[in-house]
Amino acid sequence: MAESDYLNYTCPLCTDIQRDSVTIPCGDTFCLECIKIYWDHSDHLGVYSCPQCQTTFTPRPILRRNVPHVGNPEPRPPPRELTPYPYFKRDALCDFCTGRRNKAVKSCLMCLAYYCETHIKPHYESATFKRHKLVDETGHLDRKICPQHEKGLELFCRSDQMCICVLCTVREHRSHNIVSADDERTEKQKVLVATQTAIQHIIQDQMKELQELRHNVDVLKGNAQRAQTDSDKIFSEMLQAVERWHAEISQLIQANLQASMAQAQGYVERLEQEIMELQKRDAELRQILDTEDNIHFLQNFPTLSVAPEPMVPKVLINPEFSFSEITKTVSDMKEHLDDICKKELGNISKRVSDISVYILIPRSGGRLKELVLSDGNRRVTRKRTTQFYPDHPERFDGFCQILCKELLSGIRHYWEAEWHGEFSIGIAYKSISRKGKNTNSLLGYNDKSWSLLCSDSGYSAWHNKMDKDLPGAARVSRIGVYLDYAGGSVSFYSVSETMELIHRFKAKFSEALYAGFGVGSSVTLCMLEKNYRTYH
C-alpha cells in the first residue's frame with residue numbers, strides 16, 4: 001500500500017478524501033478541519049465525542065496531523081470494522097480458526113488478536129505466553145493499538161489525557177506526564193467508585209421517594225374515594241329532599257283540588273234541589289192553567305202567582321286563583337336550584353384547577369416557597385405564584401406546612417385558628433423531618449405529629465399514617481385545640497356559638513411540642529383574651 005493511499009482515507013464527516021488527516025484517541029481518523037469544527041460545537045459542554053464510535057473525551061484532545069513512518073513502506077491497514085456504539089458489541093471471531101471461525105472468548109493485548117476456547121489454550125499452557133495479558137473484552141481490539149506506531153497501548157499520557165504506546169514517549173509525548181495504564185486505571189477507578197457510590201445513594205433516595213409517592217397516591221385515592229362517597233351521600237340526600245318537596249307540592253295540589261271539588265259539589269247539590277223544586281212548581285202551574293174549574297183556579301191563584309227567588313248564588317271560578325301559580329313556583333324553585341348548583345360547581349372547579357395535585361421541587365438551587373406571613377405573623381396565606389428561597393433547616397420544603405415558634409410543654413395550652421380551603425391543624429415534635437415530600441415530614445402521617453384534617457367534605461384525624469373519619473361533626477371555619485401535655489391528650493373542637501368536641505388523641509408525649517398547620521388557602525391564629533401564639 002502506498003503512503004498516499006494510507007493518508008487518503010475517506011473522512012466520515014465530509015465523506016471526501018481526508019485532508020490533513022488526524023487520528024483521535026479512539027483510533028478513528030478525520031480531516032483536521034472537519035473534526036476541529038465538529039468539536040468546536042461541543043466547547044460549551046466540555047465533553048467531546050467521536051462522530052464515528054461515540055467514545056467521549058475530557059478534556060478536548062490535542063489534534064496532530066498523521067505523519068507516515070519514514071522507512072516503513074507498509075503502513076498499517078485500515079482498522080477493523082467498528083460497531084456504531086461502544087456499549088453494543090457484536091461477537092468477535094477467532095483470528096486463528098480456519099474455515100468456519102469460532103466465537104472469540106479472549107483477546108490478548110500482547111498478540112493483539114482474538115482467540116476461541118481452543119486456540120487460547122497455549123496462552124495458559126506454554127511459558128512463552130506467560131507475560132501476555134488476556135482480557136475478556138472481545139470487541140474494539142483495534143483501539144488497543146497505537147495508530148501511529150502499531151504497538152499496544154500500555155501507557156497513559158495525563159498531559160493529553162489519552163492512551164499511548166512506548167514509542168509515543170519518544171516523540172509525540174516527550175516530556176509529558178506519563179504513567180502506566182494500570183496506575184491510571186487505579187486512580188480513575190477511585191473516581192468511578194465514588195461516582196458509583198453517589199449513584200447508589202441517589203438510587204436509594206429515589207426508591208424511597210418512589211415508595212413515598214406510591215403511598216401518597218394511595219392517600220390521594222383514599223381522599224378521592226371519601227370525597228366521592230360523601231358526594232354520593234349528599235346528592236342522595238338532595239334527591240330525597242327533592243322527592244319530599246315533590247310529594248309536598250303534589251299533596252298541596254291534591255288538597256286544593258279536593259277542597260275545591262267538595263265546595264263545588266255542595267253548590268251542585270243545592271242547585272239540583274232548587275231545580276227540582278222549581279220544576280215541581282212549574283208542573284203545578286201547568287196543571288192549574290189547564291183546569292176548567294174556575295173556583296179551584298181562584299183558590300190556588302194567591303200561592304201560585306208569586307214567582308220564587310233563586311236561593312243558590314251564582315258560582316264562578318275566582319280568576320285570581322289558578323294552579324298555574326303552583327307550576328310557576330315549582331319552575332322558579334328549579335331555576336334557583338340550577339343557579340345555585342352552577343355557581344357552586346363553578347367555584348369548586350376553580351378551586352380545584354387553582355391547586356396543583358403535585359408540586360415539582362427542584363433538587364438544587366433553592367426551594368419553592370408558597371406561604372406568605374402577614375398580620376404580625378398571625379396569618380399565613382398560600383400564594384399560587386411560587387418563588388425560590390435558600391434552604392433553611394427549620395422550613396418544610398416538601399409541603400405547605402408551618403410550625404409556631406413557641407414550644408408547648410409541661411402545662412395545658414389552648415389556641416384557635418380560622419381556616420379557608422382544606423387545611424390540617426395539630427401538634428408536632430421539633431424533631432419532625434422538614435425535608436422531602438414524604439410521610440416523615442407530613443403533619444399527622446408519622447409518630448412525631450398529631451393532626452386534624454379539615455375540608456368541606458368533613459374531618460379526619462391522623463397519627464402515624466393511621467386515619468379515622470369523623471362523620472357527624474359540625475363543619476365550621478374555626479377550630480380550637482386544647483393540649484393537656486401532662487395529661488397526655490390533645491383535643492380538637494368546632495368553635496361557633498358553642499364548642500363541640502370533634503376528636504381527642506391520647507398519647508404519652510416525650511418531647512416539647514409545637515402547634516402546626518397545613519395550609520390550603522389561608523390560616524389565621526385568633527386573638528384570645530389571655531393566650532395566643534404567633535407563627536415561626
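Residues numbered from 1 in each chain as written. Predicted model: local features only at pLDDT ≥ 70, side-chain atom pairs only at ≥ 80, totals over all residues. Heavy atoms only, no water.

**Describing the overall build of the protein chain**
Next up, step 1: The helix and strand tally for the protein chain stands at six helices and 23 strands.
Next up, step 2: Within the protein chain, the fraction of its 536 residues that count as buried is 31%.
Next up, step 3: By sequence separation, contacts in the protein chain at least 24 residues apart represent 54% of the contacts at least 6 residues apart.
Next up, step 4: Split by element, the accessible area of the protein chain, about 35,000 Å² in all, is 55% carbon and sulfur. (Helix = DSSP H or I, 4+ residues; strand = E, 2+ residues; numbered from the N terminus. Buried < 20%, exposed > 50% of the residue type's maximum accessible area, 1.4 Å probe, protein only. Contact = heavy atoms within 4.5 Å. Areas by Shrake-Rupley, 256 points an atom, 1.4 Å probe, with all protein chains shown as cover.)

**Description of the packing of helix α4 (residues 181-290) against helix α5 (residues 294-304)**
Next up, step 1: Packing of α4 against α5 brings their axes to within 10 Å, and their N-to-C directions diverge by 150°. Between α4 and α5, the interaxial angle falls into the category roughly antiparallel. The two elements α4 and α5 cross, and the hand of that crossing is left-handed. Residue-level contacts link R281, E284, L285, I288 and L289 of α4 to H296, F297, N300, T303 and L304 of α5.
Next up, step 2: Here the contact of α4 with α5 is composed, by residue class, of five nonpolar, three polar and two charged. (Axes fitted to C-alpha atoms, helices over the stretch in contact; angles between N-to-C directions. Parallel < 35°, antiparallel > 145°, perpendicular 65-115°, else oblique. Left-handed = near helix turned anticlockwise from the far one by under 90°. Nonpolar A, V, L, I, M, F, W, Y, C, P; charged D, E, K, R; others polar.)

**Here's the deal with the sheet that holds strand β5 (residues 106-108)**
Next up, step 1: Spatially, three strands are ordered β6-β5-β7 in an open sheet, and the strand pairing comes out antiparallel. Both outer strands of the open sheet, β6 (113-115) and β7 (134-135), are each paired with one neighbouring strand and no more.
Next up, step 2: Here three bridges tie β5 to β6, and the two strands are oriented antiparallel to one another. Residue pairing for β6: S107 is matched across the bridge by Y114. (Pairing = 2+ DSSP bridges.)

**Some thoughts on the nonpolar core**
Next up, step 1: Counting residues in each nonpolar core, the largest one holds 37 residues, and the members touching the most others are W415, I425, I479 and F517.
Next up, step 2: With residues up to four places along the chain from it excluded, the contact list for I425 reads W415, A417, L443, W450, S451, L452, I479, V481, F492, G516 and F517.
Next up, step 3: In this structure, C26, L32, Y48 and F57 belong to the second largest nonpolar core, which totals 14 residues. (Core = buried A, V, L, I, M, F, W, Y, C linked by side-chain atoms within 4.5 Å.)

**Points about α4**
Next up, step 1: For α4, built from 110 residues, the straight-helix expectation of 164 Å at 1.5 Å per residue is met to within 8% by its first-to-last C-alpha distance of 155 Å.
Next up, step 2: All buried positions along α4 are accounted for by E184, E212, N216, V219, A241, E274, R281 and I288.
Next up, step 3: The inward-facing, buried residues of α4 abut β8 (155-157), β10 (178-180) and α5. (Expected span 1.5 Å × (residues − 1).)

**Things to note about the pattern of salt bridges**
Next up, step 1: Under the counting rule described, the total for this entry stands at 16 salt bridges.
Next up, step 2: The residue K133 makes a salt bridge to D182 at a minimum N-O spacing of 3.6 Å. Highlighted residues: K133 in the loop between α3 (121-125) and β7 and D182 in helix α4, separated in sequence by 49 residues.
Next up, step 3: Linking R226 and D467 is a salt bridge whose minimum nitrogen-to-oxygen distance equals 3.1 Å. Highlighted residues: R226 in helix α4 and D467 in strand β18 (residues 466-470), separated in sequence by 241 residues.
Next up, step 4: Accessibility expressed as a relative area gives 34% for D467, which makes it partly exposed.
Next up, step 5: Put simply, R158, E184 and K188 are held in one network by salt bridges that share partners. (Salt bridge = Lys/Arg side-chain N within 4 Å of Asp/Glu carboxyl O.)

**Observations regarding the pairing of strand β17 (residues 458-463)**
Next up, step 1: Burial of β17 is extensive: five of the six residues sit out of reach of the surface.
Next up, step 2: In the sheet, strand β16 (residues 449-455) pairs with β17 via six bridges, with the strands oriented antiparallel. The residue of β17 that forms the bridge with S451 is W462.
Next up, step 3: Note: β17 against β18, five bridges, orientation antiparallel.

**Some remarks on the packing of aromatic side chains**
Next up, step 1: Summed over all chains, the structure comprises ten aromatic pairs.
Next up, step 2: Measuring from ring centre to ring centre gives 6.1 Å for W39 and F57, while their planes differ by 70°; the resulting arrangement is edge-to-face. Of this pair, W39 sits in helix α2 (residues 32-40) while F57 sits in strand β4 (residues 56-57), placing them 18 residues apart in sequence. Each member of the pair, W39 as well as F57, carries the same accessibility label: buried.
Next up, step 3: Through a chain of ring-to-ring contacts, three or more aromatic side chains come together here, namely Y429, W450, Y485 and F509.
Next up, step 4: Here R434 stacks its cationic end above the ring of F396, 5.3 Å away from the centre of that ring. (Phe/Tyr/Trp six-rings, centres within 6.5 Å; stacked < 30°, edge-to-face > 60°. Lys NZ or Arg CZ within 6 Å of the ring centre and 35° of its normal.)

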